Amino acid sequence: MITINMNQKRLQVGVETTVQQFLQQIDSSMNGVAVAINQQVIPRSKWKTSFLQNEDTILVIQAFQGG
């Protein structure tokens, strides 16, 4: 297991967890989501191949429609 920081919360995830797997684990709808790791935005095209590392800081932002 590794420890990451997501939106100011410490979480543990498995070694070799990709961004896409992580979003699925936290039950995030992947529509309208932006992800940054250590202040670097990760393009959606790289979510399947970008692995989380111990002590990464992850920011997950989800857009909502309003009216």
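These notes cover the structure that comes with them.

Cut-off values and rules
- Residues numbered from 1 in each chain as written.
- Predicted model: local features only at pLDDT ≥ 70, side-chain atom pairs only at ≥ 80, totals over all residues.
- Heavy atoms only, no water.
- Helix = DSSP H or I, 4+ residues; strand = E, 2+ residues; numbered from the N terminus.
- Rg over C-alpha atoms; globule rule 2.2 N^0.38 Å.
- Buried < 20%, exposed > 50% of the residue type's maximum accessible area, 1.4 Å probe, protein only.
- Contact = heavy atoms within 4.5 Å.
- Areas by Shrake-Rupley, 256 points an atom, 1.4 Å probe, with all protein chains shown as cover.
- Salt bridge = Lys/Arg side-chain N within 4 Å of Asp/Glu carboxyl O.
- Pairing = 2+ DSSP bridges.

Of regular secondary structure, the protein chain possesses one helix and five strands. The secondary structure elements of the protein chain, listed N-terminal to C-terminal, are β-β-α-β-β-β. Relative to its length of 67 residues, the protein chain is compact, with a C-alpha radius of gyration of 12 Å against a globular reference of 11 Å. Overall, the C-alpha framework of the protein chain stretches about 40 × 25 × 20 Å when taken along its three principal axes. Per-residue burial for the protein chain yields a buried fraction of 34% across its 67 residues. Across the protein chain, every contact between residues at least 6 apart in sequence was considered, and the portion connecting residues at least 24 apart equals 50%. For the protein chain, the accessible surface area stands at approximately 4,800 Å², while carbon and sulfur atoms represent 49% of it.

Attention now goes to the pattern of salt bridges. In a structure, side chains of opposite charge can pair up when their charged atoms sit close to one another. Inspection of the entire model under this criterion finds one salt bridge. Close ionic contact of Arg 10 with Glu 55 constitutes a salt bridge, the shortest N to O distance being 3.2 Å. Linking Arg 10 in strand E2 (residues 9-13) with Glu 55 in the loop between strand E4 (40-41) and strand E5 (57-62), this pair joins segments that are 45 residues apart in sequence. For Glu 55, a relative accessible area of 38% puts it in the partly exposed group.

Both faces of the sheet carry side chains from a regular strand, because those side chains alternate between them. Relative to E5, strand E1 (residues 2-6) is paired through two bridges, and the arrangement is parallel. From the neighbouring strand, Met 6 faces E5, where its bridge partner is Ile 58. By the bridge criterion, five bridges tie strand E3 (residues 33-37) to E5 in an arrangement that is antiparallel. Bridging across to E5, Ala 34 finds its partner in Ile 61.

Turning our eyes to something else, we now look at unusual backbone geometry. In this model, Asn 38 sits at a positive phi of 50°, which is unusual for a non-glycine residue. With respect to the helices and strands, the residue Asn 38 is situated in the loop between E3 and E4. Positive phi values are uncommon outside glycine, yet Glu 55 reaches one of about 70°.

By themselves, these observations are geometric and do not establish any function.
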